Amino acid sequence: MVYVSDQLVWVIIWSYFILPTLLVFGLAVFEYFRKNKDGSLQGFEKGLLIKSALILLFVAVYHFIKSYNFAWYVDTSLGAIDVVLEALLFIAHSYVVTAFVNYVNVDTDDVDYVVVLGARLDENAKVSGQLKSRCDTAIDFAKKNPNTKIIMSGAVSGTAEISEAAGMKAYAVERGFPAQRILLEEKAENTNENIRYSYDLMESESKFAIVSTNYHLQRGLLIARKYNMDCIGIPATTDWRTAALGFINEIFKYIRRSPLIPAIVIASSLIIYMLQKW
């Protein structure tokens with residue numbers, strides 16, 4: 001049997017769990033104090049700040065408890081917690097690595113449609129920020145591929161009087177992209193609906209590309225592949241702070257929405273651990 005020392009376990013946890021969580025917590029706090037000219041927060045989610053704070057609190061309390069000597073069954077339970085943490089780290093790393101692998105597209109010549117996943121328009125019903133980056137990415141791709149059509153997807157949201165799709169089309173036309181090569185999907189209110197409703201607008205057996213912000217794109221690809229759709233992903237860039245926060249938040253959402261694979265990884269790790277202990 002191969003046993004891992006407690007010191008090595010804590011080196012692993014500090015290197016791959018606590019330090020990244022500290023970084024995310026720091027970024028979340030930074031985003032809280034960084035404001036637009038109109039006073040609104042940029043890219044900040046209170047939920048992410050709370051999650052990272054709770055993780056840090058848990059690790060601090062857990063480390064304090066681990067410093068005491070307990071009966072064997074308590075030590076075994078604490079060891080099981082170590083295993084669960086490492087399994088969660090493995091899942092997070094796998095998610096991010098898979099996301100970046102999916103960004104590498106060798107053959108893009110036969111893409112029939114580009115689906116742009118919507119986001120809220122600004123107070124003037126214009127595209128801005130991350131949504132602008134998504135539109136620019138799709139427009140640049142479609143200009144290089146004259147047979148490709150763009151599907152702008154997104155319903156009315158927030159206080160806007162027009163749909164996200166209509167706002168994106170207006171921006172694309174302003175950039176000189178032909179209006180006749182743009183289709184509108186104006187019913188979708190979430191990523192799942194973006195994919196499904198846009199697919200309904202396509203001709204049968206079409207190949208399409210999904211365009212979204214780099215950290216959000218993996219979710220769209222997972223949804224499309226759940227429905228056996230033939231697609232690739234094209235990431236739109238954003239600043240590194242938003243990307244870092246976004247990837248962490250997407251990992252939380254992935255574990256919550258697709259619990260089967262994480263559950264299998266955690267259960268398998270715990271079984272191996274218990275077999276070693278016994």
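Everything that follows concerns the structure shown earlier in this document.
Residues numbered from 1 in each chain as written. Predicted model: local features only at pLDDT ≥ 70, side-chain atom pairs only at ≥ 80, totals over all residues. Heavy atoms only, no water.

Please give an account of the sheet that holds strand β2 (residues 149-153) that cites residues and values.
Across the sheet, five strands lie side by side as β3-β2-β1-β4-β5; this open sheet has parallel pairing. At either end of the open sheet lies a strand with only one pairing partner, and these are β3 (182-185) and β5 (231-236). Neighbouring strand axes in the sheet, compared pairwise and without regard to direction, differ in orientation by 25 degrees on average. Judged from the six bridges that link them, strand β4 (residues 208-213) and β5 form a sheet pairing that is parallel. By the bridge assignment for β5, S212 is matched with P235. Running at roughly 145 degrees to β4, helix α7 (residues 214-226) makes contact with β1 (113-117), β4 and β5 of the sheet. (Pairing = 2+ DSSP bridges. Helix = DSSP H or I, 4+ residues; strand = E, 2+ residues; numbered from the N terminus. Axes fitted to C-alpha atoms, helices over the stretch in contact; angles between N-to-C directions. Contact = heavy atoms within 4.5 Å.)

How would you sum up the packing of aromatic side chains? Please name residues and give values.
Summed over all chains, the structure comprises three aromatic pairs. Look at F100 and F247: their rings are 5.6 Å apart centre to centre, the planes differ by 25 degrees, and that puts the pair in the stacked class. With F100 in helix α3 (residues 72-102) and F247 in helix α8 (residues 240-257), this pair connects stretches of sequence that are 147 residues apart. Geometrically, the ring pair formed by Y199 and F208 is tilted, given 5.9 Å between the ring centres and 55 degrees between the ring planes. (Phe/Tyr/Trp six-rings, centres within 6.5 Å; stacked < 30°, edge-to-face > 60°.)

Explain the environment of V96 to me, using residue names and the numbers behind them.
If you trace the backbone, V96 turns up in helix α3. Since its relative accessible area comes to 25%, V96 is described here as partly exposed. When the C-alpha positions of V96 and Q218 are compared, they lie 8.7 Å apart, and in sequence the two are 122 residues distant. Each residue touching V96, except ones within four places of it in the same chain, is listed here: F247 and I251. (Buried < 20%, exposed > 50% of the residue type's maximum accessible area, 1.4 Å probe, protein only.)

Before we move on, could you go through the pattern of salt bridges and cite the residues and values that matter?
Taken as a whole and judged by the stated rule, the model has six salt bridges. The shortest N-O distance in the salt bridge between K207 and D110 comes to 3.4 Å. Linking K207 in the loop between α6 (191-200) and β4 with D110 in the loop between α3 and β1, this pair joins segments that are 97 residues apart in sequence. By relative accessible area, which is 38% here, D110 ends up partly exposed. (Salt bridge = Lys/Arg side-chain N within 4 Å of Asp/Glu carboxyl O.)

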